[in-house]
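Take a look at the letters that make up each chain.
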Amino acid sequence: VFLNLLLNACEAQPSGGEVTISTHQAEEAALIEIADRGPGVPEADTARIFEPFYSTKESTGLGLSVCHSIVRQHGGTIIVERRAGGGALFKILLPSSL
């Protein structure tokens, strides 16, 4: 999941840019955020970005769908938002075991 999101972030800014990864403890869950400074995900695409075969680039459209499935199989959620200042922000919330 993380490798796919990192590769997507790098591909979104082919001339260089910024990719950040942050983690936070959120009550009984872990929050992982992966952000880039590419063009971001258009608002119209955010509702469909995790659907199988849906792509905003020349690809199979399976990468984010597989990520979504893996995160859900682990009891988590994944969302995408527009990053303040430009870019995309993917947030993954996974339950933590104590």
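Before reading on, note that the structure itself is shown above.
The paragraphs below set out a description of the structure included in this document.

**A word on the nonpolar core**
The biggest cluster of nonpolar side chains holds 13 residues, and the ones touching the most others in it are Leu5, Phe50, Ile78, Val80 and Phe90. Counting residues per element, the ones that place at least two in this core are strand 2 (29-36), helix 3 (63-73), strand 3 (77-82) and strand 4 (88-95). At 3 residues, strand 4 tops the list of elements feeding residues into this core.

**Some remarks on the sheet that holds strand 1 (residues 19-26)**
Strand order in this open sheet of 4 strands is 1-2-4-3, and the pairing throughout is antiparallel. Two strands close off the open sheet at either side, each with one partner strand: strand 1 and strand 3. Adjacent strand axes in the sheet meet at a mean angle of 20° when their direction is disregarded. Of the pairings in the sheet, the one linking strand 3 to strand 4 comprises 6 bridges and is antiparallel in character. Directly across from glutamate 81, in strand 4, lies its bridge partner leucine 89. The strands touched by helix 1 (residues 2-11) within the sheet are strand 1, strand 2, strand 3 and strand 4, with strand 2 carrying the most contacts at an inclination of about 20°.

**Re helix 3**
For helix 3, every residue scored as buried is listed here: Leu64, Ser65, Cys67 and Val71. Mapping the buried residues of helix 3 onto a view down its axis gives an arc of 160°, with all of them on the same face. At its buried positions, helix 3 is contacted by helix 1, strand 3 and strand 4. Remark: glycine 75 follows helix 3 within two positions and exhibits a positive phi of approximately 80°.

**What about the pattern of salt bridges?**
Within the structure shown, the criterion is met by 5 salt bridges. The shortest N-O distance in the salt bridge between glutamate 18 and arginine 83 comes to 2.8 Å. With glutamate 18 in the loop between helix 1 and strand 1 and arginine 83 in the loop between strand 3 and strand 4, this residue pair connects regions lying 65 residues apart in the sequence. We note a salt bridge from lysine 91 to glutamate 33, for which the minimum N-O separation is 4.0 Å. With a gap of 58 residues between them, lysine 91 in strand 4 and glutamate 33 in strand 2 connect regions that are remote in the sequence. On the basis of relative accessibility, which here comes to 22%, the residue lysine 91 falls in the partly exposed class. Since its relative accessible area comes to 17%, glutamate 33 is described here as buried.

Calculation rules
Residues numbered from 1 in each chain as written. Predicted model: local features only at pLDDT ≥ 70, side-chain atom pairs only at ≥ 80, totals over all residues. Heavy atoms only, no water. Core = buried A, V, L, I, M, F, W, Y, C linked by side-chain atoms within 4.5 Å. Buried < 20%, exposed > 50% of the residue type's maximum accessible area, 1.4 Å probe, protein only. Helix = DSSP H or I, 4+ residues; strand = E, 2+ residues; numbered from the N terminus. Pairing = 2+ DSSP bridges. Axes fitted to C-alpha atoms, helices over the stretch in contact; angles between N-to-C directions. Contact = heavy atoms within 4.5 Å. Arc of directions from axis to C-beta. Salt bridge = Lys/Arg side-chain N within 4 Å of Asp/Glu carboxyl O.

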